[in-house]
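Listed here are the chains, written in short residue letters.
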2 protein chains.
Amino acid sequence: MDIEQFRKAGYQAIDRICDYYYSLNDKPVVAQVEPGYLRRALPESAPEQGEPWSAVLSDYEKLIVPGLTHWQHPSFFAYFPTASTFEGMLGDLLSSSTANPGFNWLASPACTELESVVMDWAARMFGLDRTFHNESKVGGGVIQTTASDSALTAIVAARTRYLEQHPGTPLEALVIYVTTQTHSFGKKAGLVLGLRVRALEVRAEDHWALRGETLGAAVEEDHRKGLHPFILIATVGTTSSGAVDHVADVGATIKEKFPSLWLHVDAAWAGVTLACPELRETAQLAGINEYADSLCVNFHKWGLTNFDASAFWVRDRNLLINALDITPEYLRTKHGDEGTVIDYRNWHLSLGRRFRSLKLWFVLRGFGVEGFQAYIRRCISLNNSFADYIRASAIFELITPPSFALSVFRLRPDASTSESASLDELNALNRAFVAAAQTQHGILLTQTDIDNVLCVRFAVGAARTEVGHIENACKLLEEVGMHCLAGKKVGTSA
Amino acid sequence: MDIEQFRKAGYQAIDRICDYYYSLNDKPVVAQVEPGYLRRALPESAPEQGEPWSAVLSDYEKLIVPGLTHWQHPSFFAYFPTASTFEGMLGDLLSSSTANPGFNWLASPACTELESVVMDWAARMFGLDRTFHNESKVGGGVIQTTASDSALTAIVAARTRYLEQHPGTPLEALVIYVTTQTHSFGKKAGLVLGLRVRALEVRAEDHWALRGETLGAAVEEDHRKGLHPFILIATVGTTSSGAVDHVADVGATIKEKFPSLWLHVDAAWAGVTLACPELRETAQLAGINEYADSLCVNFHKWGLTNFDASAFWVRDRNLLINALDITPEYLRTKHGDEGTVIDYRNWHLSLGRRFRSLKLWFVLRGFGVEGFQAYIRRCISLNNSFADYIRASAIFELITPPSFALSVFRLRPDASTSESASLDELNALNRAFVAAAQTQHGILLTQTDIDNVLCVRFAVGAARTEVGHIENACKLLEEVGMHCLAGKKVGTSA
């Protein structure tokens, strides 16, 4: 494809994206395809000769689009939102066009410098203490691929610091702390690093939030066993229920009693609420600023910026660099040797990286802080109206109070009979309910398990969701719920 | 930005990319900026109100483009190439527009299925044994972010298998094998995973390639010390010099004597040469097909596909899944439970992932296998003409035979005096030469260190490099070299 062919193809691609967003509301949320549909439709091998773009684009429309689950659909309430904005796309496009890996300053000064500046913009927007700003030259911010990567990076830095402070500790005795509500990447990090993971118990009456007391008791117990907990992954907004650990309480316990324990705060989903001053107390800003060693907020979830944009801040950049710096001759540069620039390759696990800050820059400039705040507030308001519907419903109940833009609820037989339904029966009922709701193509939501209770999650966040979509969702869930209840006389067999 | 504003902004962005490629040849290869240039030019905080796209795009042109090192410049010969093609950009753009994380089949069937198919296309193009194809349902292919990620994933799977076969082995006794020529990600993987790394010595007379004999002696030595080597990272085309380990020889040693040792072949840069039948012997296809447990080829280096597109194949997919599967309730799906689909989240370290296969599909269809081969052959031919120039030169010498599209050479005083120059003097001379060459804005190349010899690397691969650019590079290097030699009478002080 030459430059003029690209101009034409590029315009066409832009037009297709416009068509996509004009028609999105009318598409089924979930792809209506069966496993293997695409392999059956495609040839076994790449073509010998190149094909014209028109053939490729036509196949994209015909074969790929119908196989997409539409995460940008205004009635997508599953998992957590994955952001896609025009500003983000344009950033990705321009980033892709120059293909700068940006692993050190010289490899692309603009990549490094823009990331350093834009992460400070984000830090200011969230009210983070100056020590987390790149400008402080003490801590700093870097854009990682995912929250899993951010957590892995924190764990590696924490392990390195711990082993320097406690030389000779066997790796087998190290323990990563999470809670029973932490995202599965905590356990996965244990698999990846070959380390123990302990999931601390949290309680329903605390809305599944970790307290300092629980942490303290666990550490003392493990110390008695000869184990060495070295990092706690606390969460602001868990995936299951949006639970928010008491960061200040937990942090105070760490500072007072276990200063070798690294505090990583995973606010991958809910951290964007820090942009709104009125939400900072709920989102644990004070605790983060006082105690966190590292923090992760994914702009690519609820932060209007296309994947990948996992913002990761550390209080002390030297702990990262100390853990990860390998500089072979072929990566040495004059400025790197002089230490006058950030070489971001030492801030994450890989070497190569995209020019990710460009899209975040475009988003922050395009929306402005006020536009960003308005979007967050609107999502929370939409979720509140959903939660009000659940509260008023005769067949649904909230399992936990709504958290930011997430509601967790379940179907139940009417109040008079619900007490006689067993947990197993209720779980079976709700599994059937989720399965039935997922066959409705106008909506997508997913289930979770909180302390053995099968619940349904409703996460608001697609940029085009309006109040009408919430109302439609309520109506549809009511219908499916009534149908499930009619089919299964749970708890009323007597 | 609404849909029609995006259409306009998108057309503008496409036009800017066209302008960029029309003007690329006239730009300096390296950014002409000083550290801190961008922070000084940008405000401290994000704007309160959103700004119009025209202001953002104008700043992109004014502030970002001049700070880019132009990896697509036809006179970029540094590091390794980073691919950027129009086909790749269009794939990235459409992928970005739907923002599908694709961590399991349901989250986006098209993402999973296209990746499964396109990785089989690539496997066929490279002549990989059927066991590596997804279609075999035994092994399979997945697109990772980087070669570092691919290697980390291989190491985690290898460690899990080894510890299952040798329960109770302390982590401190495990050893990752690389060679002194392996990319720095090998040592970095040791830092990340907290494991020992041993760099096996390779010899100049073997052109820095690992032999089975060296491996065998090392394993036996380590076993005597109570250590447990569990993975070897062999390389096809090292970063320093393009060295190619003897995969079949090494593999036979492993199979015969140390079957618990995992063989990962890192062909991140040179693996794309497998597309050309006449290069498969050099690129170790037979050894890979017979012995490799895993293989990495980065399409985003020399493979015409924009970052990120690190192709990673395994001989036995269950070893990956076994090492990495965590399935919490909120990620369970009907098809996943039934095992009828690939859930790619269990094939890599993170959960979220881009729809990366789209751009590889566009590239393979746009170029066809023949177009892909033609590009690889052209780069090798250009490099051969550069190597011929070095061979004929009175002031330069090749340090190793050219490897694929990479030449490694150094400046030397003329033949009559070179024997009297010490290694330190020659290294200092070449360090000065690289520094001087890097101040010339018409070219970029980087240095390396092979067994304490400071060398200069010349890597061909930008899609727009023509024979004229090679000739210009030779002329410029000759001038800079002559100037350095005139300034420093190395080895002739007597």
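Quantities reported herein were computed from a predicted structural model and do not represent experimental measurements. (Residues numbered from 1 in each chain as written. Chains lettered and ligands numbered in written order. Predicted model: local features only at pLDDT ≥ 70, side-chain atom pairs only at ≥ 80, totals over all residues. Heavy atoms only, no water.)

### Some thoughts on the overall build of chain A
If you tally the helices and strands in chain A, you get 17 helices and 11 strands. Taking 2.2 N^0.38 as the reference for a compact globule, 494 residues should give roughly 23 Å; the C-alpha atoms of chain A span a radius of gyration of 24 Å, in line with that estimate. In terms of overall dimensions, chain A has C-alpha extents of about 75 × 70 × 45 Å along its principal axes. Across the 494 residues in chain A, those meeting the buried criterion constitute 67%. Intrachain contacts of chain A at a sequence separation of at least 6 include 73% that bridge at least 24 residues. (Helix = DSSP H or I, 4+ residues; strand = E, 2+ residues; numbered from the N terminus. Rg over C-alpha atoms; globule rule 2.2 N^0.38 Å. Buried < 20%, exposed > 50% of the residue type's maximum accessible area, 1.4 Å probe, protein only. Contact = heavy atoms within 4.5 Å.)

### Looking at the interface of chain A and chain B
Across the contact, 147 residues belong to chain A and 146 residues belong to chain B. Here chain A meets chain B over a buried area of about 13,100 Å², counting both sides, of which 62% is carbon and sulfur. For the chain A face of the interface with chain B, the top three residues by lost area are R39, Y330 and R365 of chain A, together amounting to 7%. At the surface where chain A touches chain B, the tally comes to 14 salt bridges. The salt bridge involving R39 of chain A is made with D120 of chain B; its shortest N-O contact spans 2.9 Å. Viewed at the interface, chain B and chain A are joined by 73 residue pairs in polar contact (both at pLDDT 80 or more). (Buried area = accessible area lost by both parts, 1.4 Å probe. Salt bridge = Lys/Arg side-chain N within 4 Å of Asp/Glu carboxyl O. Polar contact = N/O pair within 3.5 Å; in protein donor to acceptor, adjacent residues only side chain to side chain.)

### Section: the sheet that holds strand β9 (residues 406-411) of chain A
Residue and element names in this part refer to chain A. Pairing is antiparallel in the open sheet, where 4 strands are placed in the order β8-β9-β11-β10. Two strands lie at the open edges of the sheet, namely β8 (396-398) and β10 (446-450), each paired on one side alone. Across the sheet, the mean angle separating the axes of adjacent strands is 45° when strand polarity is ignored. (Pairing = 2+ DSSP bridges. Axes fitted to C-alpha atoms, helices over the stretch in contact; angles between N-to-C directions.)

### So, the relation of the copies chain A and chain B
Each of the two chain copies can be generated from the other by rotation about an axis followed by a shift along it. Rotating chain A by 180° and moving it 0.0 Å along the rotation axis overlays it on chain B with an RMSD of 0.0 Å. Viewed as a symmetry operation, the transformation between the two copies matches a two-fold axis. Both copies contact each other with a shared surface, as 99% of the interface residues of chain A are interface residues in chain B too. (Least-squares fit on C-alpha atoms with pLDDT ≥ 70 in both.)

### Quick look at the pattern of salt bridges
This model, assessed by the stated rule, comprises 58 salt bridges over all chains. Here E135 of chain B and R124 of chain B are joined by a salt bridge, their closest N and O atoms 2.9 Å apart. Highlighted residues: E135 of chain B in the loop between α5 (109-126) and β1 (140-144) and R124 of chain B in helix α5, separated in sequence by 11 residues. Judged by relative accessible area, which is 24%, R124 of chain B ranks as partly exposed. A salt bridge links D343 of chain B to R345 of chain B; the nearest nitrogen and oxygen atoms lie 3.5 Å apart. Here D343 of chain B matches R345 of chain B in class, with each residue buried. Residues joined by salt bridges that share partners form a network here, namely D92, D308, R354, R356 and K359 of chain A together with D92, D308, R354, R356 and K359 of chain B.

### Quick look at helix α14 (residues 357-392) of chain B
With 36 residues, α14 of chain B should cover 52 Å at 1.5 Å per step; its first-to-last C-alpha distance of 44 Å lies more than 12% under that length. The sharpest bend along α14 of chain B measures roughly 85° and falls at G368 of chain B. (Expected span 1.5 Å × (residues − 1). Bend = angle between axes of the 7 residues up to and from the residue.)

### Describing the packing of aromatic side chains
Geometry of an aromatic ring pair is reported as the spacing of the ring centres plus the angle between the planes. Enumeration according to the criterion identifies 51 aromatic pairs over all chains in this entry. Between F103 of chain A and W71 of chain B, the aromatic rings sit 5.9 Å apart at their centres with planes inclined by 85°, giving edge-to-face as the arrangement. One end of the pair, F103 of chain A, is in the loop between α4 (86-98) and α5 (109-126); the other, W71 of chain B, is in the loop between α3 (53-64) and α4 (86-98), on a second chain. Exposure remark for W71 of chain B: the relative accessible area of 2% places this residue in the buried category. Counting every residue linked through ring pairs, the aromatic cluster contains F77, F386, Y389, F396, F409, F433 and F458 of chain A. One residue, R457 of chain A, lies across the ring of F80 of chain A, its end atom 4.8 Å from the ring centre. (Phe/Tyr/Trp six-rings, centres within 6.5 Å; stacked < 30°, edge-to-face > 60°. Lys NZ or Arg CZ within 6 Å of the ring centre and 35° of its normal.)

### Things to note about the side chain of S294 of chain B
Residue and element names in this part refer to chain B. Within the secondary structure, S294 sits in strand β6 (residues 294-298). A residue is classified by how much of its surface remains accessible, and S294, at 0% relative accessible area, is buried. Those residues in contact with S294, other than ones at most four positions away along the chain, are A154, W262, L263, H264, V265, F312, W313 and V314.

### Describing the packing of helix α1 (residues 3-23) of chain A against helix α1 (residues 3-23) of chain B
Two quantities define a packed helix pair, namely the angle between the axes and the distance from one axis to the other. One way to put it is that α1 of chain A packs onto α1 of chain B with a least axis distance of 9 Å and a crossing angle of 160°. In terms of orientation, α1 of chain A and α1 of chain B fall into the roughly antiparallel class. In the crossing of α1 of chain A with α1 of chain B, the sense of the turn from one axis to the other is right-handed. Of the residues in α1 of chain B, those in contact with I3, E4, F6, R7, G10, Y11, I14, D15, I17, C18, Y21 and Y22 of chain A of α1 of chain A are I3, E4, F6, R7, G10, Y11, I14, D15, I17, C18, Y21 and Y22 of chain B. Counted by class, the contact of α1 of chain A with α1 of chain B contains 16 nonpolar, 2 polar and 6 charged residues. (Parallel < 35°, antiparallel > 145°, perpendicular 65-115°, else oblique. Left-handed = near helix turned anticlockwise from the far one by under 90°. Nonpolar A, V, L, I, M, F, W, Y, C, P; charged D, E, K, R; others polar.)

### Digging into the nonpolar core
One recurring pattern in soluble globular proteins is that nonpolar side chains are buried together. Core analysis: the largest hydrophobic core is formed by 304 residues, its most contacted members being F126, L232 and W313 of chain A together with F126, L232 and W313 of chain B. Beyond its immediate chain neighbours, meaning those up to four positions away, F126 of chain B contacts G271, V272, L274, A275, R280, L285, V297, F299, W313 and F372 of chain B. C296 and L319 of chain A together with A151 and I231 of chain B belong to the second-largest nonpolar core, a separate cluster that totals 70 residues. (Core = buried A, V, L, I, M, F, W, Y, C linked by side-chain atoms within 4.5 Å.)

### A word on the sheet that holds strand β10 (residues 446-450) of chain B
Residues and elements named next belong to chain B. Reading across the sheet, the 4 strands line up as β8-β9-β11-β10 and stay open at both edges, with antiparallel pairing between neighbours. At either end of the open sheet lies a strand with only one pairing partner, and these are β8 (396-398) and β10. Each neighbouring strand pair of the sheet contributes to a mean axis angle of 45°, computed without reference to strand direction. Taken strand by strand, helix α17 (residues 467-487) contacts β8, β9 (406-411) and β11 (453-459), and its axis lies near 20° from that of β9.

### Considering the domain arrangement of chain A
Residue and element names in this part refer to chain A. In terms of domains, chain A is made up of domain 1 (3-68), domain 2 (100-355) and domain 3 (365-487). Inter-centroid distance (C-alpha atoms) of domain 2 to domain 3 is 31 Å. Each side of the interface is counted separately: domain 2 has 27 residues, and domain 3 has 24 residues. A combined buried area of about 2,100 Å² lies between domain 2 and domain 3, and 73% of that area is made up of carbon and sulfur atoms. In this structure, the connection of domain 2 to domain 3 is made through 1 salt bridge. The partner of E278 in a salt bridge is R377, with the nearest N and O atoms 2.6 Å apart. Taken together, the links from domain 2 to domain 3 amount to 5 residue pairs in polar contact (both at pLDDT 80 or more). Of all the secondary structure elements, the ones that give two or more residues to the side of domain 2 that touches domain 3 are α5 and α11 (299-302). (Domains from an automatic or database assignment.)

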